[in-house]
Amino acid sequence: MKFRNPNVLLFILSVLSISVSWATSATADFHGFLQCLTKRSHSAHPIQETIYTPQNASFQSVLVLHINNRRFSTPTTPKPLAIIAAKNESHVQATVVCAKRHGLQIKIRSGGHDFEGLSYTSDVPFVILDMFNLKSVDVNLAQKRAWVMSGATLGEVYYAIAAKTKVYGFPAGICPTVGAGGHFGGGGYGFMMRKYGLSVDNIVDAKIVTVKGTILDRKSMGEDLFWAIRGGGGASFGVILSWKLKLVPVPAKVTVFNVTRTIEEGATDLVYKWQTVAPKLPKELFLRAMPQVKNIDTKGKKTVAVSFLGHFLGKSDKVVALLNERFPELGLQRRDCHEVSWVESTVFWADNPIGTPINVLLNKPTEPETFYKGKSDYVKKPLPKHVFESIWKKMIEIENIWLDWNPYGGRMNEISVSATPYPHRAGNLFFALYYSSWYDEGIETTNKYLGLIRELYEMMTPYVSENPREAFQNYRDLDIGANQDSQTNFETAKLYGKKYFKGNFDRLVRVKTKVDPHNFFKHKQSIPTL
Ligand SMILES: Cc1cc2nc3c(=O)[nH]c(=O)nc-3n(C[C@H](O)[C@H](O)[C@H](O)COP(=O)(O)OP(=O)(O)OC[C@H]3O[C@@H](n4cnc5c(N)ncnc54)[C@H](O)[C@@H]3O)c2cc1C
Ligand SMILES: *[C@@H]1O[C@H](CO)[C@@H](O)[C@H](O)[C@H]1NC(C)=O
Ligand SMILES: *[C@@H]1O[C@H](CO)[C@@H](O)[C@H](O)[C@H]1NC(C)=O
Ligand SMILES: *[C@@H]1O[C@H](CO)[C@@H](O)[C@H](O)[C@H]1NC(C)=O
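Fair warning: this is a prediction, and the values are worked out from it, not measured in the lab. Counting restarts for each chain, with residues numbered from 1 along the sequence as it is written. Ligands are numbered from 1 and chains lettered from A, in the order in which they are written. At least 70 in pLDDT is required for a residue's local features to be given in this predicted model, at least 80 for side-chain atom pairs to be given and counted, and no such filter applies to totals for whole chains, interfaces and linings, which use all residues. The basis for the side-chain values is all heavy atoms of the structure; hydrogens and waters are excluded.

Section: the overall build of the chain
No. 1: Strands are runs of DSSP state E lasting at least 2 residues, helices are runs of H or I lasting at least 4, and numbering of each runs from the N terminus. A tally of regular secondary structure across the chain gives 17 helices and 18 strands.
No. 2: Note on exposure labels: buried denotes an accessible area under 20% of the residue type's maximum, exposed denotes more than 50%, and partly exposed covers the range between, all computed with a 1.4 Å probe on protein chains only. Evaluated residue by residue, the chain yields a buried proportion of 60% over its 530 residues.
No. 3: Residue-level accessible areas treat just the shown protein chains as cover; the underlying method is Shrake-Rupley with a 1.4 Å probe. Working note: accessible area of the chain is about 21100 Å², and carbon and sulfur atoms make up 52% of it.
No. 4: Each charge sign in the chain was given a centre, from 65 positive and 47 negative side chains, and these centres are 6 Å apart. Counted charges follow a simple rule, with Lys and Arg positive, Asp and Glu negative, and His plus the chain ends left uncounted. We put the charge of a Lys on NZ, of an Arg on CZ, of an Asp on CG and of a Glu on CD.

Here's what the structure looks like:
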């Protein structure tokens, strides 16, 4: 059915046509798009209630609700013509069909944590297909499976699992506000990756809306497309509605710790040893090293402190004994350790003190907090000590920066390079996130930090993976090659494609060409057609 009151429709269309005149190009027909949506609306699920245009009072608050990076929430950031906050699968189908028919680009957004804002910005007229209302998490304990809709956050997934069981979990990311939609599409790693691999290694089914507006599951989409969306970036292939997770067993009590040492306390020797020890530890132990800049005194003298964050699928006595044998220099003691349930360990890793109630996992910010830039690297050969020293020096110069160094080994080494599009498997010691963030909104400040983090990345060139210099797609970085939203150039796509996917890029291109031959689903780093 359509609008019950035809005047309402007329009113919307007339105000909307105003925005069309200033914002759309000749080919994009926003007016036609809205009419098309209305025509496809069903009485049981009226689509009007999901459409926000700049005329709706809450447009701005809905827009920023899932913007994570303030760099893409400034007055000059291009704004969508509308946000369709789908409440039913049929709204997703209608948005795809109507946008395609009327020449509008869609940006698919789940948690909005894309480092470069690709889920809510574009340089051509666009609408946001916002998934946050589609967020149910349905845990089936008997089958050890959970269906998760794309708009759910990781915190909501962990919380829902824990409401049913203490002895199952799921290997996924560390930040609870990350959305399932983008996270799983890009691989998804967390503190159980050495035991169970990535999220995508534990996803057994999915539902997708194709460019034709059809809903397919694993069986009907076929193994090629199901392969592609598990790490190849969902947004090149369709809209992922939901994912079926295979839950993994965890002990009723796990152990976490956070031991920090400054340069003055021997951090350089510790990380030097850590890089070869951590990848060989038992799979149950994930030992991240996290260097960050710290004030030594009140006069502004700075140092680097490295936090060794541990997650052990077992009791504290065991991990203390293990590390005192394999890495005695760290000096881990029983009193550094906390035995908690698996879900409490996700709360601890999200930077909350021990004892924080687990419903903190459900908290969500209402607007972005910081400006930031992230980059990633894979390290295959031990870094010489002098490189660590140069890193510290550069970090102290940058000041607003931290690094996450995540050890490889374990299950990551056992999964073949082509099992999923995520190709960074055996042969790595650790992978690195460089993350600089700041609060000052001046463009000079932004340019300063962008320049500094790029200098650090340049400095690392001789010591990290090469040909290609590998990068993690979930840590989106437009510096490594990017297209325009208006056009996907194959040679440019090959640049970022080989870094994110290595040899899997070619298969991704074949799948893309088959399922979306006219390249409707595109963004600055999407998979091109042949
Ligand atoms: C603070 C922070 C911490 C992080 N921690 C981790 C971590 O521990 N481990 C890890 O692996 N990654 C981590 N990430 C990276 C994160 O996994 C990616 O940014 C991920 O893509 C975010 O998903 P999202 O749904 O929140 O983002 P969005 O910005 O909504 O989407 C990201 C990309 O996926 C596309 N997309 C989103 N939803 C869908 C859908 N339903 N169908 C098709 N395409 C879709 C978007 O169009 C966009 O291209 C972190 C990021 C941040 C900002
Ligand atoms: C936006 O405003 C229009 C016109 O008043 C209304 O029909 C629509 O329901 C509003 N959208 C939402 C999400 O409330
Ligand atoms: C969407 O609508 C259909 C038909 O009414 C219903 O079966 C389905 O459960 C709805 N989906 C959601 C997510 O509410
Ligand atoms: C670990 O300790 C460091 C230094 O005190 C702190 O900055 C960091 O937030 C802590 N991390 C976690 C996950 O507790």
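Comments concerning the packing of helix H2 (residues 30-40) against helix H4 (residues 89-101)
No. 1: Taken N-terminus to C-terminus, the directions of H2 and H4 make an angle of 145°; their axes are 9 Å apart at the nearest point. Between H2 and H4 lies a crossing of right-handed hand. Residue-level inspection shows Phe-33, Cys-36, Leu-37 and Arg-40 of H2 in contact with H4, the latter providing Gln-93, Ala-94, Thr-95, Val-97, Cys-98, Ala-99 and Arg-101. To get an axis, a line is fitted to the C-alpha atoms, and for a helix only the part in contact is used. The angle between two axes follows their N-to-C directions and goes from 0 to 180 degrees. Two helices that cross are described as forming a left-handed crossing if the nearer one is turned anticlockwise from the farther one by less than a right angle, and a right-handed crossing if clockwise. We call two residues contacting when some pair of their heavy atoms lies within 4.5 Å.

A look at the packing of aromatic side chains
No. 1: Centre distance within 6.5 Å is the pairing criterion for rings of Phe, Tyr and Trp, where only the six-membered ring of Trp is used; planes under 30 degrees apart are then read as stacked, over 60 as edge-to-face, and the remainder as tilted. All chains considered together, the criterion is met by 33 aromatic pairs.
No. 2: Taking the centre distance of 5.2 Å and the plane angle of 15° together, the rings of Tyr-378 and Phe-431 count as stacked. In this pair, Tyr-378 is assigned in strand E16 (residues 371-379) and Phe-431 in strand E18 (residues 430-438), connecting sequence segments 53 residues apart. An identical accessibility class is assigned to Tyr-378 and Phe-431; each is buried.
No. 3: Of the aromatic side chains, those joined through ring pairs into one cluster are Phe-115, Tyr-189, Tyr-372, Tyr-378, Trp-402, Tyr-408, Tyr-422, Phe-431, Tyr-435, Phe-472 and Tyr-475.
No. 4: Put simply, a charge is over a ring when the Lys NZ or the Arg CZ is close to the ring centre, within 6 Å, and near the line of the ring normal, within 35 degrees. Cation over ring: Lys-375 sits above Tyr-457, and NZ or CZ is 4.4 Å from the ring centre.
No. 5: The ring of Tyr-272 has Lys-385 sitting right over it, with the charged end atom 5.1 Å from the ring centre.

So, unusual backbone geometry
No. 1: Look at the link from Asn-467 to Pro-468: it is a cis peptide, with omega at 0°.
No. 2: Along the chain, Pro-468 falls in the loop between helix H15 (443-460) and helix H16 (490-501).
No. 3: The phi torsion at Lys-144 lies on the positive side, around 60°, for a residue other than glycine.
No. 4: Inspection of the secondary structure puts Lys-144 in the loop between strand E5 (137-140) and strand E6 (145-149).

Here's the deal with the confidence of the model for the chain
No. 1: Taken residue by residue, the chain gives an average pLDDT of 95. The fraction at 70 or more is 95%.
No. 2: Low confidence marks residues 1-26, where pLDDT is under 50. Its contacts with residues over four positions away, or in another chain, come to 31 contacts. Predictor confidence is given residue by residue as pLDDT, running from a minimum of 0 to a maximum of 100.

Let's talk about the side chain of Thr-303
No. 1: Within the secondary structure, Thr-303 is located in strand E14 (residues 302-312).
No. 2: On the accessibility criterion, Thr-303 (2% relative accessible area) is buried.
No. 3: Nitrogen and oxygen atoms within 3.5 Å of one another constitute a polar contact, given that in protein one can donate a hydrogen and the other can accept it, and given that sequence-neighbouring residues count only through two side-chain atoms. One polar contact links Thr-303 to Glu-264, side chain to side chain, over a distance of 2.8 Å.
No. 4: Apart from the residues lying within four places of it in its own chain, the contact partners of Thr-303 are Thr-262, Ile-263, Glu-264, Gln-292, Val-293, Lys-294, Ile-296 and Ile-396.

Observations concerning helix H5 (residues 154-164)
No. 1: Among the 11 residues of H5, eight are classified as buried, and the element is accordingly described as predominantly covered.
No. 2: Along H5, the residues classified as buried are Leu-154, Gly-155, Glu-156, Val-157, Tyr-158, Ala-160, Ile-161 and Ala-162.
No. 3: On its buried face, H5 sits against E5, E6, strand E7 (168-169), helix H6 (180-185), strand E10 (239-246) and helix H12 (342-349).

Looking at the nonpolar core
No. 1: Ile-229, Phe-308, Leu-323 and Trp-405 are the most contacted members of the largest nonpolar core, which has 127 residues in total.
No. 2: When residues of this core are sorted by domain, at least three fall in each of domain 2 (137-250 + 479-515) and domain 3 (254-340 + 369-463).
No. 3: Residues within four places of Ile-229 in sequence aside, it is in contact with Phe-184, Gly-185, Ala-206, Ile-208, Met-221, Phe-237, Ile-240 and Trp-243.
No. 4: Joining through side-chain atoms within 4.5 Å is the link that ties buried Ala, Val, Leu, Ile, Met, Phe, Trp, Tyr and Cys residues into a set, and such a set is a nonpolar core. Residues Ala-94, Val-127, Leu-129 and Met-131 belong to the second largest nonpolar core, which totals 31 residues. An automatic or database domain assignment provides the domain bounds reported here.

Describing the domain arrangement of the chain
No. 1: The domain architecture assigned to the chain consists of domain 1 (6-130), domain 2 (137-250 + 479-515) and domain 3 (254-340 + 369-463).
No. 2: Relative placement of domain 1 and domain 3: their C-alpha centres are 40 Å apart.
No. 3: Taken together, the contacts link eight residues of domain 1 with 13 residues of domain 3.
No. 4: Throughout, the accessible surface (probe 1.4 Å) given up by two parts as they are put together, summed over both, is called the buried area. Buried area between domain 1 and domain 3, summed over both chains or domains, comes out near 870 Å², and the portion from carbon and sulfur atoms is 49%.
No. 5: Summed over the three residues of domain 1 that lose the most area to domain 3, namely Arg-70, Arg-71 and Phe-115, the buried surface amounts to 73% of that side.
No. 6: Salt bridge, as applied in this entry: a Lys or Arg side-chain nitrogen positioned within 4 Å of an Asp or Glu carboxyl oxygen. Here domain 1 is connected to domain 3 by two salt bridges.
No. 7: Note that Arg-70 is salt-bridged to Glu-441, the shortest N-O span being 3.2 Å.

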